[in-house]
Amino acid sequence: MKALTIFDVSGRAMAAQQVRLNTVASNLANVMSISGSADTVYKPMKPVFETQYSNLQGNSGIATVDTVGIQASDAPPEKRYEPNHPLADKDGYIYAPPIDQSAEMVDMLETSRQYQNNIEVLSTAKTLMLKTISVGK
Amino acid sequence: MNAIDQYLKQDGTALSLRQKRLDILGSNIANAATPHFKARDIDFASAFKSATNGGDLVKTSSMHIDTGGTADTTDVKYRVPVSPSLDGNTVELHVEQLQFAENATHYEATLQFLNGRIQTLRSALKGE
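For the rest of this paragraph, the subject is the interface of chain B and chain A. With 24 residues of chain B at the interface, the matching set in chain A holds 25 residues. Of all the secondary-structure elements, those providing two or more residues to the side of chain B that touches chain A are helix 1 (3–30) and helix 3 (93–126) of chain B. Per element, the largest residue contribution to the side of chain B that touches chain A is 9 residues, and it comes from helix 3 of chain B. Across the side of chain B that touches chain A, the residue classes break down as 16 nonpolar, 5 polar and 3 charged.

Right, here's the structure in full:
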């Protein structure tokens, strides 16, 4: 792995937050995805973040973040008795994905705030670098 | 070490340490949502001291070699969180943002000092 610069650090963190935002969007989009059996119902997704260090920089404190995987929740789906529903199974039950809408909204806000923070870091670093280039002029 | 080098060295060291701290604080902000990540930082005052005059190492013999500390020997410490979170992450965004802003301002200040020194040098060279 090459040495990390501040642009790698914030850029990859933004990519990770973008993945997180995508999973939140998928989860929210599938809130009403009713299914006729417990096996085929949509499973909410969560990204797994992991700190990445550069092996060239040792104990320098410079670290970025990557999404190392997306985990599907194994929470049991919501079982509802609705015998008149076209997708109901033979006992009259339908299955809804176990999605907590408020928790997803909170996640979305947090993701957006952290994305903004990384942009702030990037633009500050960029401004400072440009000023440094023109030093002594 | 020549005179010009000596003249600019202090601001150069400060600038490189500020840059290093900018990277570390940027890393903290990037990892604000990563479980188990421990926020880090450097103590600028002591890092600057050790980078400019070899820290507290006192030469007791004329045979001792000057340590001439560089910015790379900086001790990167772990931050103690005000209120630790359950996922083991010690990044507190308000703290990091504050430190980041402070560091960026100091970076700019150092840059201005350096610019001032260079201007002085130039006018001395031109003899106007």
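More follows now that the structure is in view.
Residue and element names in this part refer to chain B. Closest axis-to-axis distance for the helix 1/helix 3 pair is 9 Å, and the angle between their directions is 160°. Put simply, helix 1 runs roughly antiparallel to helix 3. For the pair helix 1 and helix 3, the crossing hand works out as left-handed. A per-class count over the contact of helix 1 with helix 3 returns 15 nonpolar, 5 polar and 5 charged.

Residue and element names in this part refer to chain A. When you line up the elements, Gly 11 lands in helix 1 (residues 6–29). Owing to 16 C-beta atoms within 10 Å, Gly 11 belongs among the partly exposed residues under this scheme. Separated by 111 residues in sequence, Gly 11 and Leu 122 place their C-alpha atoms 8.1 Å apart.

Let's shift gears to helix 2 (residues 44–53) of chain B. All names here are of chain B. Restricting attention to buried positions, one finds in helix 2 the residues Ala 47, Ser 50 and Ala 51. One side of helix 2 carries all its buried residues, which in axial view fall inside an arc of 100°. Tucked into the core, helix 2 has its buried residues touching helix 1 and strand 1 (40–42).

Criteria and cut-off values
Residues numbered from 1 in each chain as written. Chains lettered and ligands numbered in written order. Predicted model: local features only at pLDDT ≥ 70, side-chain atom pairs only at ≥ 80, totals over all residues. Contact = placed C-beta atoms within 7 Å. Helix = DSSP H or I, 4+ residues; strand = E, 2+ residues; numbered from the N terminus. Nonpolar A, V, L, I, M, F, W, Y, C, P; charged D, E, K, R; others polar. Axes fitted to C-alpha atoms, helices over the stretch in contact; angles between N-to-C directions. Parallel < 35°, antiparallel > 145°, perpendicular 65-115°, else oblique. Left-handed = near helix turned anticlockwise from the far one by under 90°. Buried ≥ 20, exposed ≤ 12 C-beta atoms within 10 Å, placed from the backbone. Arc of directions from axis to C-beta.

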